[in-house]
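Fold and contact review
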Amino acid sequence: MQHKRNGVSATQRAGAALRRLARWGFRRRRIAADHLLRGVCSGIGTAAVGLAVVWLRSHH
């Protein structure tokens, strides 16, 4: 059973939201790429520090 709000199904609203997000990304490719790179670098740094801590604790 699909619930409709103003005659538009939830699936249509979700699709429209994804299209808006995609358009935002296309318009702001540089900003989006910078955010993605920052997130990846942050994750790599966090993983490296975590692995270093585990290694240090297991060897001392």
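Residues numbered from 1 in each chain as written. Predicted model: local features only at pLDDT ≥ 70, side-chain atom pairs only at ≥ 80, totals over all residues. Heavy atoms only, no water.

Section: the overall build of the protein chain
Keep this limit in mind: Numbering of helices and strands runs from the N terminus; a helix is a DSSP stretch of H or I covering at least four residues, while a strand is a stretch of E covering at least two. Just to be clear, the radius of gyration here is over C-alpha atoms, and the globule rule we use is 2.2 Å times residues to the power 0.38. When a residue's accessible area, from a 1.4 Å probe over protein chains only, is under 20% of the maximum for its type it is buried; when over 50% it is exposed; and in between it is partly exposed. Reported accessibility uses the Shrake-Rupley method at a 1.4 Å probe radius. Residues are deemed covered only where the shown protein chains occlude them.
Within the protein chain one finds two helices and two strands. Each helix (α) and strand (β) of the protein chain, taken in turn from the N terminus, gives the series β-β-α-α. Against the 2.2 N^0.38 benchmark of 10 Å for 60 residues, the protein chain shows a C-alpha radius of gyration of 21 Å, more extended than a compact globule. Along the longest, intermediate and shortest principal axes, the C-alpha atoms of the protein chain span 65 × 35 × 10 Å. Counting every position in the protein chain, which comprises 60 residues, the buried fraction comes to 5%. Just so you have it, the protein chain exposes about 5600 Å², and 64% of that area is on carbon and sulfur atoms.

Section: a positive patch on the surface
Put simply, the rule reads: Residues form patches when they are more than 30% accessible in relative terms and have no salt bridge. Like charges link within 9 Å. Nonpolar side chains (Val, Leu, Ile, Met, Phe, Trp, Tyr) link within 5 Å. Salt bridges are identified by distance alone: a Lys or Arg side-chain nitrogen within 4 Å of an Asp or Glu carboxyl oxygen. Positive charges come from Lys and Arg alone, negative charges from Asp and Glu alone, with His and the N- and C-terminal ends not counted. The location of each charge is read from NZ of Lys, CZ of Arg, CG of Asp or CD of Glu.
Taken together, the side chains of R19, R20, R23, R27 and R28 make up a positively charged region of the molecular surface. Positionally, R19 belongs in helix α1 (residues 10–27).

What about the pattern of salt bridges?
Evaluated as defined, the whole model comprises one salt bridge. One salt bridge connects D34 with R30, and the closest N-O pair in it is separated by 3.6 Å. Within this pair, D34 and its partner R30 are both found in helix α2 (residues 29–59), separated by four residues, close to a single helical turn. A residue is classified by how much of its surface remains accessible, and R30, at 66% relative accessible area, is exposed.

With respect to the confidence of the model for the protein chain
Interpreting fine coordinate detail is not advised for predicted regions of low pLDDT. What counts is decided by this rule: pLDDT is a per-residue confidence score from the predictor, ranging from 0 to 100.
With 90% of its residues at a pLDDT of 70 or more, the protein chain shows a mean pLDDT of 87. The lowest-confidence element of the protein chain is strand β1 (residues 4–5), averaging 58 in pLDDT; the highest-confidence one is α2, averaging 94.

Side note on the environment of A48
Counting through the fold element by element, A48 comes out in helix α2. For the pair formed by A48 and S58, sequence separation is 10 residues and the distance between their alpha carbons is 15 Å.

What to know about a nonpolar patch on the surface
A surface patch of nonpolar side chains, about 400 Å² in accessible area, is lined by L18, L21, W24 and I31. The greatest single-element share of the nonpolar patch, amounting to three residues, is contributed by α1. Structurally, L21 can be placed in helix α1.

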